[in-house]
Amino acid sequence: MDTTQLLKGVLDLAVLAVLKDEDGYGYDILRRLRTAGLDEVGDASVYGTLRRLFQAGLLNTYVVPSEEGPHRKYYGLNAAGRDQLNRAGKTWRNFASTMDALLDERGVAA
Amino acid sequence: MNVATEQDEYLDGVRRALADLDPATRDELLEDLPEHLTEVAAEGEGTLVERLGPPEAYAAEMRAAAGLGVARTTARGIDDRVAAGVRRLRGALGVADRKAGPVLGYGRASEFLRMLLPAWWVLRGYLVAMAITVLTTGSGFGLLPRLGGSTLAAVLVLAVCVLASIWLGRREAGLRPVWRAGIALGGLFLFVFGLVGFDKADDHGTVWFDQTQTVSVNQYEYVRDVYVYDQYGNPLTNVRLFDQDGNPIQIGDPYRCLSFDDYKAKVEAIGETYPYCPQRPPYLVAPQPGVVAPPDRGEPIVVSPTPTEPTDTPASPEPTGTPEPTPTN
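Residues numbered from 1 in each chain as written. Chains lettered and ligands numbered in written order. Predicted model: local features only at pLDDT ≥ 70, side-chain atom pairs only at ≥ 80, totals over all residues. Heavy atoms only, no water.

Asker: Could you give an account of the packing of helix α3 (residues 43–55) of chain A against helix α5 (residues 55–65) of chain B, with specific residues and numbers?
Answerer: α5 of chain B packs onto α3 of chain A with a crossing angle of 35° between their chain directions and a minimal axis gap of 7 Å. Every pair of crossing elements has a handedness; the one defined by α3 of chain A and α5 of chain B is right-handed. In this structure, α3 of chain A uses D43, A44, S45, Y47, G48, T49 and R52 of chain A to contact α5 of chain B, whose residues at the interface are Y58, E61, M62 and A65 of chain B. Residues of the contact of α3 of chain A with α5 of chain B, tallied by class, amount to 5 nonpolar, 3 polar and 3 charged. (Axes fitted to C-alpha atoms, helices over the stretch in contact; angles between N-to-C directions. Helix = DSSP H or I, 4+ residues; strand = E, 2+ residues; numbered from the N terminus. Left-handed = near helix turned anticlockwise from the far one by under 90°. Contact = heavy atoms within 4.5 Å. Nonpolar A, V, L, I, M, F, W, Y, C, P; charged D, E, K, R; others polar.)

In structure tokens form, the structure reads like this:
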């Protein structure tokens with residue numbers, strides 16, 4: 001199964017999760033997602049997702065001047081973002097354990 | 001190919017593919033792209049198109065992830081135009097939201113306003129109690145909703161309305177859109193009602209303040225002496241003043257021209273009379289025909305009897321200084 005299809009549903013949660021402990025700028029967030037194992041995540045998807053999460057009022061942004069190249073726009077979780085991360089995280093864990101149990105029952109190899 | 005040119009070309013390609021979006025949204029989406037392209041270019045070999053795919057695909061992916069729907073290239077109908085207008089309005093509100101936030105000390109103005117929601121619920125309850133009182137009893141807008149004139153009833157009505165408003169406020173988010181629109185409309189009505197009511201209450205306060213101001217002023221405080229003139233403009237001396245009850249009127253400064261002892265002697269001889277300083281007329285009244293005007297300002301005034309002057313006037317003028325005939329030439 002193509003991971004990209006799965007990723008579409010949970011990219012919001014993944015972006016919120018990598019911002020949990022530390023704010024980051026766009027490329028930095030992309031790198032964190034890839035380091036975490038989400039190799040197939042598209043650059044444009046991450047930026048689009050960041051924009052949508054910001055529009056939904058879940059993220060703060062601020063601009064940090066950089067010596068080399070253009071200024072960097074940092075994203076961070078606000079209170080609503082943390083709240084959303086906790087709720088969506090619980091939903092995902094429930095869903096994932098349900099799927100695990102279903103596959104175990106049918107004897108599908110892990 | 002030049003690195004900067006390649007990045008600019010890619011950026012232009014993405015921008016063209018997003019041309020149907022309103023400018024604010026498009027700029028927002030593209031804000032991070034130059035920096036990102038720089039990073040990708042610095043990362044390794046290969047052109048941007050090889051690494052990221054064609055700009056159109058990049059734009060489509062970003063658009064999909066941002067929840068903005070697919071590109072529309074066909075002619076736009078009225079629905080689309082309305083939708084675009086709403087989107088643009090939302091974009092403008094979003095920008096205002098973010099611009100106003102730092103002024104208030106928050107990331108977004110809406111974050112701050114959201115915290116004020118419970119305060120609005122309490123105010124809304126208060127205004128409902130006030131509206132019930134004004135509409136049922138027709139009384140004015142005061143500080144307490146005095147239903148039936150009882151303070152206890154007022155406090156009870158207030159408590160019930162405020163608690164109900166808070167209860168409703170906490171459940172508003174889960175209600176159907178129709179109900180929420182109704183509540184918003186009611187809130188707007190209460191807001192206007194409150195503004196009008198408080199404005200009226202304020203007016204009452206101002207009128208009351210003005211009345212007390214007028215009462216406290218003594219408009220004769222500055223008077224130090226009293227000069228009386230007859231109908232021809234001749235100054236009268238040794239005039240006595242009485243009020244409607246026959247009590248002598250004492251105003252001014254009795255020691256203006258006389259020492260304490262001289263004044264005492266004068267009061268014992270002829271009583272309290274005005275002016276205190278007959279030798280110093282403060283001004284001249286326009287002389288009438290047949291009346292001799294004072295020869296010079298500052299000098300004792302000599303009054304000559306004239307044929308038209310009534311002789312039986314009680315306060316007939318008496319020359320106070322040495323009688324001196326007016327020089328005639």
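Asker: An account of unusual backbone geometry is needed here, citing residue identities and associated values.
Answerer: Cis geometry is adopted by the peptide bond preceding P275 of chain B, which originates at Y274 of chain B and carries an omega value of -5°. Along the chain, P275 of chain B turns up in the segment after α11 (260–270).

Asker: Explain the interface of chain A and chain B to me, using residue names and the numbers behind them.
Answerer: Counting from both sides, the interface comprises 23 residues of chain A and, opposite them, 24 residues of chain B. Across the contact surface, chain A and chain B share 4 salt bridges. Across the salt bridge formed by E39 of chain B and R72 of chain A, the nearest N and O atoms sit 2.9 Å from each other. At the boundary of chain A with chain B, the tally comes to 12 residue pairs in polar contact (both at pLDDT 80 or more). Take the side of chain A that touches chain B: its biggest share by element is 10 residues, from α3 of chain A. Per-class residue counts for the side of chain A that touches chain B are 9 nonpolar, 9 polar and 5 charged. (Salt bridge = Lys/Arg side-chain N within 4 Å of Asp/Glu carboxyl O. Polar contact = N/O pair within 3.5 Å; in protein donor to acceptor, adjacent residues only side chain to side chain.)

Asker: Any details on the sheet that holds strand β1 (residues 24–25) of chain A? Residues and values, ideally.
Answerer: All names here are of chain A. Here we have 3 strands laid out as an open sheet, ordered β1-β3-β2, and antiparallel in their pairing. Looking at strand neighbours, the two that pair on one side only are β1 and β2 (59–64), the edges of this open sheet. Pairing of β1 with strand β3 (residues 72–77) involves 2 bridges; the strand directions are antiparallel. Of the residues in β3, the one forming a bridge with Y25 is Y74. (Pairing = 2+ DSSP bridges.)

Asker: Go over the packing of aromatic side chains, please, and point to the residues and values.
Answerer: Residues and elements named next belong to chain A. Throughout the structure, instances matching the rule amount to 7 aromatic pairs over all chains. The interplanar angle of 65° and the centroid separation of 5.4 Å between the aromatic rings of Y25 and Y74 together place this pair among those described as edge-to-face. Residue Y25 is found in strand β1, and its partner Y74 is found in strand β3; the two are separated by 49 residues along the sequence. Exposure class is identical for Y25 and Y74. Each is buried. Over the face of the ring belonging to Y25 we find R72, whose NZ or CZ atom lies 4.2 Å from the ring centre. When the ring centre of F54 is taken as reference, the NZ or CZ atom of K73 above it lies at 5.7 Å. (Phe/Tyr/Trp six-rings, centres within 6.5 Å; stacked < 30°, edge-to-face > 60°. Buried < 20%, exposed > 50% of the residue type's maximum accessible area, 1.4 Å probe, protein only. Lys NZ or Arg CZ within 6 Å of the ring centre and 35° of its normal.)

Asker: An account of the pattern of salt bridges is requested, with residue identities and associated values reported.
Answerer: Residues and elements named next belong to chain A. Across all of its chains, the model carries 15 salt bridges over all chains by this definition. A salt bridge links D12 to R52, with the nearest nitrogen and oxygen atoms 2.9 Å apart. Here R52 lies in helix α3 and D12 lies in helix α1 (residues 3–18), a separation of 40 residues in the sequence. For D12, a relative accessible area of 24% gives the class partly exposed.

Asker: How would you summarise the confidence of the model for chain B if you had to cite specific residues and measurements?
Answerer: It should be kept in mind that the predicted coordinates are not to be read in detail where pLDDT is low. Residues and elements named next belong to chain B. On average, residues of chain B score 76 in pLDDT, and 73% of them are at 70 or above. Every residue in residues 305–311 scores below 50 in pLDDT, and together they form 5 contacts with partners more than four places removed in sequence or on other chains. This model gives residues 313–317 a pLDDT under 50, and the stretch forms 5 contacts once residues within four places in sequence are excluded. Interface confidence in the predicted complex, given as ipTM, is 0.80; pTM for the same model is 0.41. (pLDDT = per-residue confidence, 0-100.)

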